[in-house]
Amino acid sequence: MAGTLGGSLLTQRASERAKRREIELVRDHEEVSENLALRRTSYVELNRDARQFTTALSQFLHVMQERRVEEADRVELDEAKRTHRDTYSQAQLIVPDDVLSCASAVNKALNRVYGQVKRLDREEPKPGETIATAFRAQAEVWELLKTLRTLMRRDLGVASAGDDAPVRLPRQPADPRS
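Quick notes on the rules
- Residues numbered from 1 in each chain as written.
- Predicted model: local features only at pLDDT ≥ 70, side-chain atom pairs only at ≥ 80, totals over all residues.
- Heavy atoms only, no water.
- Helix = DSSP H or I, 4+ residues; strand = E, 2+ residues; numbered from the N terminus.
- Buried < 20%, exposed > 50% of the residue type's maximum accessible area, 1.4 Å probe, protein only.
- Contact = heavy atoms within 4.5 Å.
- Areas by Shrake-Rupley, 256 points an atom, 1.4 Å probe, with all protein chains shown as cover.
- Core = buried A, V, L, I, M, F, W, Y, C linked by side-chain atoms within 4.5 Å.
- Axes fitted to C-alpha atoms, helices over the stretch in contact; angles between N-to-C directions.
- Parallel < 35°, antiparallel > 145°, perpendicular 65-115°, else oblique.
- Left-handed = near helix turned anticlockwise from the far one by under 90°.
- Nonpolar A, V, L, I, M, F, W, Y, C, P; charged D, E, K, R; others polar.
- Phe/Tyr/Trp six-rings, centres within 6.5 Å; stacked < 30°, edge-to-face > 60°.
- Lys NZ or Arg CZ within 6 Å of the ring centre and 35° of its normal.
- pLDDT = per-residue confidence, 0-100.
- Salt bridge = Lys/Arg side-chain N within 4 Å of Asp/Glu carboxyl O.

Caption draft 1: Molecular detail of the overall build of the chain. For the chain, the count of helices and strands is four helices and zero strands. In the chain, which comprises 178 residues, the share counted as buried stands at 34%. A fraction of 74% describes how many contacts in the chain between residues 6 or more apart in sequence connect residues 24 or more apart. Accessible area for the chain stands at about 11,300 Å²; split by element, carbon and sulfur atoms hold 52% of it.

This is how it looks when you write it as structure tokens:
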């Protein structure tokens, strides 16, 4: 009789352990899925807002060429910058280091172009800064964005076979004074 009760107890404990392991595996899977969803959302926002900031810089430069800049143009550019800054700040706490390194390069390049554009708008450019150099620096940001997008897609596991090539950060946009 003791053997039967002991066997039942051992079977029950083994069953409870197996159930706990199963629950832990489900929780781990849910955590991985939630983490992936969080990164995906962050990547979508970071890609969108960096592209919008880049586009806003381009539009502002075109306005500077075509007509007098109005306060509404400045507000639009500053709003794109603020939105990107907020999204980038969130990404800093979520994305893996290799993606963050590239996102940082994009952020620095965008802020450099933004500074140049603002100085041109105030008619206080640094030596060598012109609308043409600002356009070139802004255009170089697109290559950084392409690299960032590739890294994000790889991390999410959605990169195509053509995205298997090694990714190198493009050279940072040149300082117009150099």
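Caption draft 2: Broad picture of the nonpolar core. Leu57, Leu77, Val117 and Leu148 are the most contacted members of the largest nonpolar core, which has 38 residues in total. Put simply, the parts of the chain that give this core at least two residues each are α1 (2-66), α2 (71-91), α3 (97-121) and α4 (131-156). The element best represented in this core is α3, accounting for twelve residues. Leu57 has contacts with Leu77, Leu110, Val113, Tyr114, Val117 and Gln138, leaving out every residue within four places of it along the chain.

Caption draft 3: Representation of the packing of α3 against α4. In contact at an axis separation of 9 Å, α3 and α4 are set at 165° when each is read in the N-to-C sense. As the angle between them shows, α3 and α4 are arranged roughly antiparallel. Crossing handedness for the pair α3 and α4: left-handed. Between α3 and α4, the residues in contact are Asp98, Val99, Cys102, Ala103, Ala105, Val106, Ala109, Leu110, Val113, Gln116, Val117 and Leu120 and Ile131, Thr133, Ala134, Ala137, Gln138, Val141, Leu144, Leu145, Thr147, Leu148, Leu151 and Met152, respectively. Taken together, the residues that form the contact of α3 with α4 break down as 19 nonpolar, four polar and one charged.

Caption draft 4: Quick look at the packing of aromatic side chains. Within this structure, the stated rule accounts for one aromatic pair. Directly above the aromatic system of Tyr114 lies the positively charged group of Lys81, at a separation of 5.1 Å from the ring centroid.

Caption draft 5: Summary view of the confidence of the model for the chain. Summarising the model, the chain shows a mean pLDDT of 84, and 81% of its residues fall at 70 or more. Within the chain, α1 has the poorest average pLDDT of any element, 81, and α2 the best, 96. Low pLDDT, under 50, characterises residues 172-178; the stretch is placed with 18 contacts to residues that sit more than four places away or in other chains.

Caption draft 6: Spatial organisation of the pattern of salt bridges. Here the structure, examined in full by the defined rule, presents eleven salt bridges. One salt bridge connects Arg67 with Asp73, and the closest N-O pair in it is separated by 2.9 Å. For Asp73, a relative accessible area of 13% puts it in the buried group. The salt bridge involving Arg82 is made with Glu79; its shortest N-O contact spans 3.1 Å. Residue Arg82 and its partner Glu79 are located together in helix α2, separated by three residues, close to a single helical turn. Owing to a relative accessible area of 37%, Arg82 belongs among the partly exposed residues under this scheme. You can call Glu79 partly exposed: its relative accessible area is 40%. Salt bridges linked by common partners bring Arg67, Glu70 and Asp73 together as one network.

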